Structures are given as C-alpha cells and as structure tokens.
Amino acid sequence: MRISVIGCGYLGAVHAACMAKLGHQVVGIDVDENKIAALSSAKAPFYEPGLDTLLQSVQETGRLAFTTDMAAAAGSDVHFICVGTPQKKGENGADMTYVNAALIDLLPFLAPGNVVVGKSTVPVGTAARLAELVTDHQPDAHLVWNPEFLREGHAVSDTLQPDRFVYGVNDGSEEHPAVQVLDEVYASPLGAGAPRLVMDLPTAELVKTAANSFLATKISFINAMAELCDAAGADVTHLAEAIGMDDRIGRKFLQAGIGFGGGCLPKDIRAFMARAGELGADQALTFLREVDAINMRRRTRVVELTRELCGNSLLGKRLTVLGAAFKPESDDVRDSPALSIAAQLQLQGAVVTVTDPKALENAALRFPELQYVQDPERAVRNAEAILLLTEWQEYRDLDPHLLKESMATPRILDGRNVLDPAKWRAAGWHYRGLGRP
Ligand code: UGA
C-alpha cells in the first residue's frame, strides 16, 4: 500500500521504517529539516536500538523516502498522524497544536477512499472532532484512531510485533470500511497472531491513556511501598518479587526506584486529569494526582538520602551520576528523573558530574550547568559518592572492587535497586538502595 507518515519523531520515524519493512511504499513527512536530512541518509535522529539498521535495509529497497513537503502525501492510501502532544506550558493539558496543524495541512491532499489514521496520544474527544474535519473536506475519506503502545528502547519490535492492535471507528463496527484497509496495512503482524480490537473512537483514545495511567500507577504503588519499607526497615525488592508472583498482580513495572519520567507517562497522566476535569469527571482521576505526587517525591527523597550518605552535607561534595536518559537504551532526557536529581544536587551545593552512554548531548542542551563526562572511568575518578540513576547494563555490571580504586570515598546510592547490596558492602562500599535496609 502507499502510506504517508506525518511526524517523524520517536513514534513516526519508527512507524515509517516498520511500515516499509512490512512491504509498503512509505513517505515520512516532518517540518524539521534536520530530522528529514538525517532520516533521508538512513540515520535515526535519536538513539533507538535497531532503527539505523532497519532504516538502511528498507531504504535500499526504495520503499522509504522522507520529505518536509506535505504535498508528498498526495497519492497515499493511508495517512498516519504521528506528531507529538506535549504538555502545555504551565498547564496540565495536552498541547494539540501539532496534531491540529498536521491534519489541516493534510486535508487538501486527501482523495476519496483515503484513510487517516491517528496514532498520537490525544485527549478523548479529539478523534471525533478530527473525523468531522476529514469528512467535511473529503466525504469519502475516513478517520480511524489506532493508538500506539511502543516503548522507547523496544520501539521496532513493539511496532512489528505489538501485543494488540486497537482500531477506533465512528460506528464502532467491524464492517466500517477503514477496518479492512488497516487490516491490509497490518496484514503481516495480524497473520502472525497479533490480536485486533475494533471499538468506537472515544474508547480507542481512552485505551491509550488508561494503559499509561495504569503503568504509572503501578510504578507509584511500588514506590509508595518503598517509602513504607524505608520507614519499617523492610525490603521493597523482596516485597515486589513476592507480590509479583501472584499473576493477577504480575512482576513487571514493580521496580521501585527514582520513579518514572520520559515524554509519555508524566504528561499523559496530567493531560488525562485535565481532560477529565473538562468532562466533569475529575473525581474519577484524583488518584492520579497522588500517583504524580508519589513520583515527584522520589526525586527529593534521593537528594535527601544522598545528603545523608555524604555525612549530612552536600556542600562541595564531588558526586557522579551514572545515567542521564529517562531509561536505559534511550537517549531521551525528557522529564528524566536522573537529570532532575542531578540538577537539584548541584543546586544544593554539590559538584555533579554526569555520565551516560548515549544521552549526554541531549542532557547538555537541557541542563548546561552540569558537567558531563562521556568516559565512565574518568567520570567517577576521585568522586565522593556515586548515584546509579539510569540502569544501563554497563552500570549493572560494574565491578565494585575495581571501581573502588577510582573513588575518594566508596559510597553508592542505587537509585534503581539493581545492584546486589551484599556484594557491594563486602567490597567495602557504603551502599544505599531505595526502600531497602
Ligand atoms: C510508555 C509506555 O510503556 C508505552 O506503552 C507507551 O506507548 C509510551 O509510554 C507512549 O505513550 O508513547 P516509555 O515512555 O518508552 O513507554 O517508557 P516505559 O518503559 O513505560 O518507562 C517509563 C518510565 O518508568 C521510565 O522512566 C522507567 O525508568 C520507569 N519505570 C518503569 C520504573 O521506574 N519502574 C518500573 O518498574 C518500570
């Protein structure tokens, strides 16, 4: 099929490459010239495992092109809207500028029978509004809401082998003509057994925000338990392991630590609360305020623990933060808890050096006041304490004996609870985890 993908960020660039991989003829469109230049030479404009290789292999087939010109959408059968919906400045709600602009710019190029597919995470009610714009302009075109559930760091496999497809159509019916078109787009993963659910537009939009809210709630739940474990002298890692064995609960997303960040969970729960307020249903989501508060409290807790670890003063202390990205296998620093903690420590008088395998360039743009050192060995040299804040595999694998030799004082705060305390203590370290004695 001929496909256009509008918006080539984390979502769109991966989606465009994956659609070409599935055999479609794809054009990716974005207003950012630098992004388009990188993608056109088969380079991902951000770090995502497997994406560079995928871009190279599909571009060799001639099935994938990138441009800044929306007119290139003309002639496509299916148009995916993949632009961002960031948090509005100073408000909880989502900024819909990019989604609205993408659709308005696309309208002149729609032909009868075309299907516009919304993938961006939007406030419920958006799809119905956009569907009307589409049919006002081109009565024989359709709009489907097809939320995306990919995780950064696993974006390619999540797109090619998703847990499920959700199609929202205005009548909620399997017979809707757009259903067949999307089935053709996703023929290969559907054939491999991926489940597919058809529902009405608002339900499809809500599936996405509900899923992210549930994940955020699960993380804040275990972090609340970590607070309690700290107070009671218990160990949250054992607690998580034990409750996670009940398959009604499940072990995933019960990793207590410095909390969630990134470009999705934090802004999605806030936008969800804002939208619930507009719909007069704010009470239903007041618990998300607590989820957010527990999450933000993790960051101040780590600053306090670091102060304790450093003999009750941060002034002039040389600290090294391992990890700047909001999670491993990503160079994304949007709302990164690691960086926010590093900046708070610096504000309180510590001298902070940050290292990360992939995210330093992005980190330096956001927090130019911090010191960045790419080489981890050099970054930890002569430090008075280390904070492991993003659990890259290379940090999990650190050898406490070797590392100790570089340190002024062997103190470590394990902000992700991924190290073995017994091993580090046996090597002579003062080890501190979160919610562990
Ligand atoms: C999240 C969702 O997991 C995806 O399904 C969704 O498609 C995506 O948002 C989106 O809306 O686009 P992502 O932001 O890539 O994906 O990251 P997650 O893997 O969900 O992790 C989010 C944060 O939670 C990270 O900072 C991570 O370190 C933290 N986390 C995760 C924990 O603190 N504990 C855990 O147990 C799990």
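Residues numbered from 1 in each chain as written. Predicted model: local features only at pLDDT ≥ 70, side-chain atom pairs only at ≥ 80, totals over all residues. Heavy atoms only, no water.

Take the nonpolar core next. Among soluble globular proteins, nonpolar side chains are generally buried collectively. Grouped together as the largest cluster of nonpolar side chains are 45 residues, with contacts concentrated most on Leu 55, Leu 64 and Phe 80. Of the residues forming this core, the biggest block, nine residues, is contributed by helix α1 (residues 10-21). Those residues in contact with Leu 64 that sit more than four places away from it in its chain are Ala 16, Ala 17, Ala 20, Val 26, Leu 55, Val 58 and Gln 59. The next biggest cluster of nonpolar side chains, apart from the first, holds 44 residues, and it includes Leu 305, Leu 360, Leu 389 and Met 407. (Core = buried A, V, L, I, M, F, W, Y, C linked by side-chain atoms within 4.5 Å. Buried < 20%, exposed > 50% of the residue type's maximum accessible area, 1.4 Å probe, protein only. Helix = DSSP H or I, 4+ residues; strand = E, 2+ residues; numbered from the N terminus. Contact = heavy atoms within 4.5 Å.)

So, about the site of the ligand. Near the ligand you find 21 residues, and of these Phe 149, Leu 150, Glu 152, Lys 208 and Asn 212 are the closest. Contacts to the ligand include Leu 150, whose backbone N or O atom sits 2.7 Å from an oxygen atom. Lys 327 places a side-chain nitrogen or oxygen 2.9 Å from an oxygen atom of the ligand. For the ligand, whose unbound accessible area comes to 720 Å², protein coverage reaches 89%. (Near = heavy atom within 4 Å. Polar contact = N/O pair within 3.5 Å; in protein donor to acceptor, adjacent residues only side chain to side chain. Areas by Shrake-Rupley, 256 points an atom, 1.4 Å probe, with all protein chains shown as cover.)

Quick look at the sheet that holds strand β14 (residues 430-432) now. Here six strands make up an open sheet; going across it, the order is β11-β10-β9-β12-β13-β14 and the pairing parallel. The strands lining the two open edges of the sheet, one partner per strand, are β11 (371-372) and β14. Relative to β11, strand β10 (residues 351-355) is paired through two bridges, and the arrangement is parallel. Directly across from Thr 353, in β11, lies its bridge partner Gln 371. Strand contacts of helix α13 (residues 337-347): β9 (318-322), β10, β11 and β12 (385-388), with the helix running at about 160° to β10, the strand carrying the most contacts. (Pairing = 2+ DSSP bridges. Axes fitted to C-alpha atoms, helices over the stretch in contact; angles between N-to-C directions.)

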